[in-house]
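Structural features, examined
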Number of protein chains: 2
Amino acid sequence: MEYRFSNGLRDLKPSAIREIFKSLSDPQIIAFAAGNPAAESFPVKDLSRLSARLFETQAATALQYGTTEGYMPLRKAVESRLQERFGIDSEANELLIVSGGQQGIDLTAKALLNPGDTVIAESPSFIGGLNTFRSYAAKLVGVELTEKGICVEKLEAALKANPQAKLLYTIPTFHNPSGITTDLPTRKAVYELCKRYGVMILEDNPYGELRFAGEDVPTYKSMDTEGIVVYCGSFSKVLSAGMRVGFVSAPKGFVSKMTVAKQGQDVHTNLFFQMLCHAFMTQCDMDAHIDGIRALYRRKCALMLETMDRCFDSRVQYTRPDGGLFLWCTMPEGTDIDGFVKAALAKKVAVVPGVAFAPDPTVPSPCFRVTYATPTEEQIVRGTEILADTMKDFLK
Amino acid sequence: MEYRFSNGLRDLKPSAIREIFKSLSDPQIIAFAAGNPAAESFPVKDLSRLSARLFETQAATALQYGTTEGYMPLRKAVESRLQERFGIDSEANELLIVSGGQQGIDLTAKALLNPGDTVIAESPSFIGGLNTFRSYAAKLVGVELTEKGICVEKLEAALKANPQAKLLYTIPTFHNPSGITTDLPTRKAVYELCKRYGVMILEDNPYGELRFAGEDVPTYKSMDTEGIVVYCGSFSKVLSAGMRVGFVSAPKGFVSKMTVAKQGQDVHTNLFFQMLCHAFMTQCDMDAHIDGIRALYRRKCALMLETMDRCFDSRVQYTRPDGGLFLWCTMPEGTDIDGFVKAALAKKVAVVPGVAFAPDPTVPSPCFRVTYATPTEEQIVRGTEILADTMKDFLK
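Residues numbered from 1 in each chain as written. Chains lettered and ligands numbered in written order. Predicted model: local features only at pLDDT ≥ 70, side-chain atom pairs only at ≥ 80, totals over all residues. Heavy atoms only, no water.

1. Overview of the overall build of chain A
Within chain A, the regular secondary structure consists of 13 helices and 14 strands. Whereas a compact globule of 396 residues would reach a radius of gyration of roughly 21 Å, chain A reaches 21 Å, a difference of no more than 12%. Once the C-alpha set of chain A is aligned to its principal axes, its extents read approximately 60 × 55 × 50 Å. Burial status across chain A gives 65% buried among its 396 residues. Considering only contacts within chain A whose residues lie at least 6 apart along the sequence, 77% involve residues at least 24 apart. A total accessible area of about 13900 Å² is found for chain A, and carbon and sulfur atoms account for 52% of it. (Helix = DSSP H or I, 4+ residues; strand = E, 2+ residues; numbered from the N terminus. Rg over C-alpha atoms; globule rule 2.2 N^0.38 Å. Buried < 20%, exposed > 50% of the residue type's maximum accessible area, 1.4 Å probe, protein only. Contact = heavy atoms within 4.5 Å. Areas by Shrake-Rupley, 256 points an atom, 1.4 Å probe, with all protein chains shown as cover.)

Here it is in structure tokens:
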């Protein structure tokens, strides 16, 4: 039978990153490509102990159906932390537990978008977010990212040119793939523009806890007087990515529609791990644990930057992030990035070509993304040296 | 801000069952309403032991990102079981692990449906399925359910009247809410009709393992020579509902689109619990465990039927299921079911009014659904007696 697929899915291909990820089963590959957090960042011993206790004392609850909104004590604990750490008003907003930050993006799209509606995103942006919007048959409009965040002038031009735009998708802190953090003046200007044009902001903040340099910048959500910001966060980079537990904070009138959509998608998020997250947050020292992850990434990022400073051709530029997992490298305009990525992979170093992150993938990109999170320190040095060496053939 | 919701979500209300479920926090309520499996059906000790071992030996894998398709050893184990138990050809089909059977329904809808496309469903049908189709702005067409399954003549009429129909949604085995199992001649006729009209079949089979009387009837999937059947199954009624692990078997060319859609929804299903399911399937006696659940429901169902036979007014009819979780009661045409359900709840017995399961909720239903799975045996007797007593005021 020839299947009659929906318009949103008909032409959608699997994420290039997920496909690369599958090829990473080769243990010899130095994995600069995946978006995986460091395995050593998961508090295995604590989770194991708390899990045993959960089976002992609350198995009947943890294994049974729960409410779509999520495990109430976890919702409360996350609300408190978001208030304390990110200035998010727990009175004006409601918290929904989701199956990873990715589901927060999907439910926002599902609640808002009809086929053909416009979503504005940074260019480049997170491929998982972009593909979700594509899956709803949305029109994607990319706006250039500068070192201060999304380009405000070009954002305004895009809003003018697309009066039907419904949503701005942004990763303002330790942006994926670039590592850039949007500064405060830019955030204020962006918020005012979205308010003026009646466009909602999806603030995707999976890396917000992972600052290892500089000062926190206020979240969009903390300045949301109009109820136009949907904030997505996640435990993936802090406790475990594989458990798929994230959260959304948004005005009640908006979250309620996301909740209805979530009922239809998976009823609720794995309840056992929701309870485990709650146990960790309340019985362990979350701040000390996160400080440990920050120190780890501070060290790894510095090591990669030192190696790049030492080995990379001076025509290659790269970002110097204050947190998160990613560095973004820009080669001279016109470089055969595809060839470079393939040549690096042949030498067992995997990076992601910039075009994978483009809202408009027909525009060539001279960039590639690397992560320092997954590889060991020895791999960081060796892999970066291999990249520097491979580059030479692609810079004339 | 006044939100501009998508057409699919704008008018969609939370599932009546989920809402009733929330009210069940009152421990005095006799819960005939929820679709929860019996807490005593979860193999807590085995899961606890296997979980401890997983933390000891495979934590780094279990807590990290996995592939969207699911944990390969689990996929293989489920494939084998589906082949053995339900005659599902593991060569012609591919298996996708999903976050509960509900996600299988959602991903099927997402892969196929554009707004306005028609989905045909049994009337009554599972509210979670119906609401998922509604969330994609599909048009729902209900076809009367008889004691042999969906009415074949009316199905053909519906297919003729709706040439744009893309999907038949059916729960052929221990149907929710009715408990009815579609017989083999009906299945054959339905399959032929769908084949002839180019309509896919979504076979939702969360209860298939729970037969406690009679003989297995072949699944639609086992007779699927044309590649038109998407089969959804689940561990929810066998190992744990709260963990949200289910599976889909469908032709490769179809599953690949569902996989892309799943990437956008939650990247993958909780990996720790996927590995736990695999460990249970391979290291414990799955068949013996399921036999235990069958014996439990056989006893509970028989007890409820005995009590109904003894106490219910003879004008009230009810189904006698061969498996699954539900009984469906039909009161005389014109009965004030809403009043009856409220009166029963006031006496601390919760049931679900039939209208909640209607593809077209404007048509009144003289029915209500009860489950024997969740309540204790003492509650089954007392709750059924209370229903019988409450009924008297509503039968003139």
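This is not the end of the story, as more comes after the structure.
2. Considerations on the sheet that holds strand S4 (residues 139-146) of chain B
All names here are of chain B. As summarised here, the arrangement of the 8 strands in space is S2-S9-S8-S7-S6-S3-S4-S5, forming an open sheet in which the pairing is mixed. A single partner strand is all that each edge strand has here, and the edge strands are strand S2 (94-98) and strand S5 (149-150). Contacts between helix H8 (residues 184-197) and the sheet are confined to S5, strand S6 (165-170), strand S7 (200-204) and strand S8 (229-234), with S7 contributing the most and set at about 145 degrees to the helix. (Pairing = 2+ DSSP bridges. Axes fitted to C-alpha atoms, helices over the stretch in contact; angles between N-to-C directions.)

3. A look at the packing of aromatic side chains
Applying the stated criterion across every chain yields a total of 33 aromatic pairs over all chains. Plain terms: the ring middles of tyrosine 3 of chain A and phenylalanine 254 of chain B are 5.2 Å apart, the flat faces sit at 70 degrees to each other, and that makes the pair edge-to-face. With tyrosine 3 of chain A in the segment before helix H1 (7-10) and phenylalanine 254 of chain B in helix H9 (residues 252-266), this residue pair bridges two chains. Between phenylalanine 235 of chain A and phenylalanine 247 of chain A, the ring centres sit 5.5 Å apart and the planes meet at 70 degrees, which makes this aromatic pair edge-to-face. Of this pair, phenylalanine 235 of chain A sits in the loop between strand S8 (229-234) and strand S9 (246-251) while phenylalanine 247 of chain A is found in strand S9, placing the two residues 12 residues apart along the sequence. Of the two residues examined, phenylalanine 235 of chain A and phenylalanine 247 of chain A, each falls in the buried class. Taking the ring centre of phenylalanine 86 of chain B as reference, the NZ or CZ of arginine 85 of chain B above it sits at 4.8 Å. Here the basic side chain of arginine 187 of chain B rests over the ring of tyrosine 220 of chain B, its NZ or CZ set 5.9 Å away from the ring centre. (Phe/Tyr/Trp six-rings, centres within 6.5 Å; stacked < 30°, edge-to-face > 60°. Lys NZ or Arg CZ within 6 Å of the ring centre and 35° of its normal.)

4. With respect to the sheet that holds strand S10 (residues 317-318) of chain A
Residues and elements named next belong to chain A. If you walk across this open sheet you meet the 4 strands as S10-S11-S14-S13, and the pairing is antiparallel. Edge positions in the sheet fall to S10 and strand S13 (352-353), since each has one partner strand and no second. Along the sheet, helix H11 (residues 286-311) makes contact with S10, strand S11 (326-330) and strand S14 (367-371), crossing S11 at roughly 15 degrees.

5. Concerning the pairing of S8 of chain B
All names here are of chain B. Burial runs high along S8: 6 of the 6 residues are buried. The alternating pattern of S8 places Val229, Tyr231 and Gly233 and Val230, Cys232 and Ser234 on opposite faces, both of which are buried. Examined bridge by bridge, S7 and S8 share 4 bridges and lie parallel to one another. Residue pairing across strands places glutamate 203 opposite tyrosine 231, the latter belonging to S8. In terms of strand pairing, S8 meets strand S9 (residues 246-250) through 4 bridges, oriented antiparallel.

6. Re the pattern of salt bridges
Enumeration according to the criterion identifies 58 salt bridges over all chains in this entry. For lysine 76 of chain A, the salt bridge is made with glutamate 79 of chain A, and the minimal N-O distance between the two is 3.7 Å. On the criterion of helical spacing, the pair formed by lysine 76 of chain A and glutamate 79 of chain A is a turn pair, its members being 3 residues apart in helix H4 (residues 72-86). Overall, glutamate 79 of chain A belongs to the buried group, its relative accessible area being 16%. Its salt-bridge partner being aspartate 106 of chain A, residue lysine 110 of chain B comes within 3.8 Å of it at the nearest N-O pair. (Salt bridge = Lys/Arg side-chain N within 4 Å of Asp/Glu carboxyl O.)

7. A short note on the interface of chain B and chain A
With 82 residues of chain B at the contact, the number on the chain A side is 82 residues. Taking both partners together, chain B and chain A bury about 6800 Å²; carbon and sulfur atoms supply 57% of that area. Counting across the interface, chain B meets chain A through 2 salt bridges. Here chain B is connected to chain A by 48 residue pairs in polar contact (both at pLDDT 80 or more). If you list the elements that add at least two residues to the side of chain B that touches chain A, you get helix H1 (7-10), helix H2 (16-23), helix H3 (44-62), helix H5 (101-112), helix H6 (127-135), S6, H9 and helix H10 (271-283) of chain B. Residue contributions to the side of chain B that touches chain A peak at 9 residues, all from H9 of chain B. (Buried area = accessible area lost by both parts, 1.4 Å probe. Polar contact = N/O pair within 3.5 Å; in protein donor to acceptor, adjacent residues only side chain to side chain.)

8. A word on H3 of chain B
With 19 residues, H3 of chain B should cover 27 Å at 1.5 Å per step; its first-to-last C-alpha distance of 19 Å lies more than 12% under that length. Its axis deflected by about 70 degrees at glutamate 56 of chain B, H3 of chain B carries its strongest bend there. Of all the residues in H3 of chain B, the buried ones are Leu47, Leu50, Ser51, Leu54, Phe55, Ala59 and Ala62 of chain B. In this structure, the buried side of H3 of chain B is in contact with helix H3 (44-62) and helix H10 (271-283) of chain A together with H10 of chain B. (Expected span 1.5 Å × (residues − 1). Bend = angle between axes of the 7 residues up to and from the residue.)

9. Here's the deal with the environment of arginine 310 of chain A
Topologically, arginine 310 of chain A is positioned in helix H11. For the pair formed by arginine 310 of chain A and aspartate 11 of chain A, sequence separation is 299 residues and the distance between their alpha carbons is 43 Å.

10. Let's talk about the state of the cysteines
Residue and element names in this part refer to chain A. For the coordinates displayed, the defined rule picks out 0 disulfides over all chains. We note that cysteine 329 lacks a disulfide partner, and the nearest cysteine sulfur, in cysteine 367, lies 8.6 Å from it. A relative accessible area of 0% places cysteine 329 in the buried class. (Disulfide = S-S within 2.5 Å.)

11. Digging into helix H7 (residues 152-161) of chain A
Residues and elements named next belong to chain A. Every buried residue of H7 is accounted for by Val152, Leu155, Ala158 and Leu159. Looking down the long axis of H7, one finds its buried residues gathered within 120 degrees of arc, a one-sided arrangement. Seen from the buried face of H7, the exposed residues on the opposite side, beyond 90 degrees, are Glu153, Lys160 and Ala161. (Arc of directions from axis to C-beta.)

12. Looking at the nonpolar core
Phe133 of chain A together with Phe133 of chain B are the most contacted members of the largest nonpolar core, which totals 146 residues. Phe247 and Phe280 of chain A together with Leu50 and Leu276 of chain B belong to the second-largest nonpolar core, a separate cluster that totals 72 residues. (Core = buried A, V, L, I, M, F, W, Y, C linked by side-chain atoms within 4.5 Å.)

13. Overview of the relation of the copies chain B and chain A
Mapping chain B onto chain A leaves a residual RMSD of 0.0 Å; the transformation is a rotation of 180 degrees accompanied by 0.0 Å of translation along its axis. The symmetry that links the two subunits is that of a two-fold axis. Comparing contact sets, 99% of the residues at the interface of chain B also lie at the interface in chain A, consistent with an isologous, same-surface contact. (Least-squares fit on C-alpha atoms with pLDDT ≥ 70 in both.)

14. Focus on the packing of helix H12 (residues 337-346) of chain B against helix H13 (residues 377-391) of chain B
All names here are of chain B. Two numbers describe how H12 lies on H13: the axes approach to 10 Å, and their chain directions differ by 130 degrees. The angle between H12 and H13 falls in the class oblique. Relative to H13, the crossing made by H12 is right-handed. Where H12 approaches H13, its residues Phe340, Ala343 and Ala344 are matched on the opposing element by Leu387, Thr390 and Met391. For the contact of H12 with H13, the residue count by class is 5 nonpolar, 1 polar and no charged. (Parallel < 35°, antiparallel > 145°, perpendicular 65-115°, else oblique. Left-handed = near helix turned anticlockwise from the far one by under 90°. Nonpolar A, V, L, I, M, F, W, Y, C, P; charged D, E, K, R; others polar.)

15. Thoughts on the confidence of the model for chain A
A residue-level look at chain A finds 97% of positions with pLDDT of 70 or above and a mean pLDDT of 95. For this predicted complex, the interface score ipTM comes out at 0.96, while the overall pTM is 0.96. (pLDDT = per-residue confidence, 0-100.)

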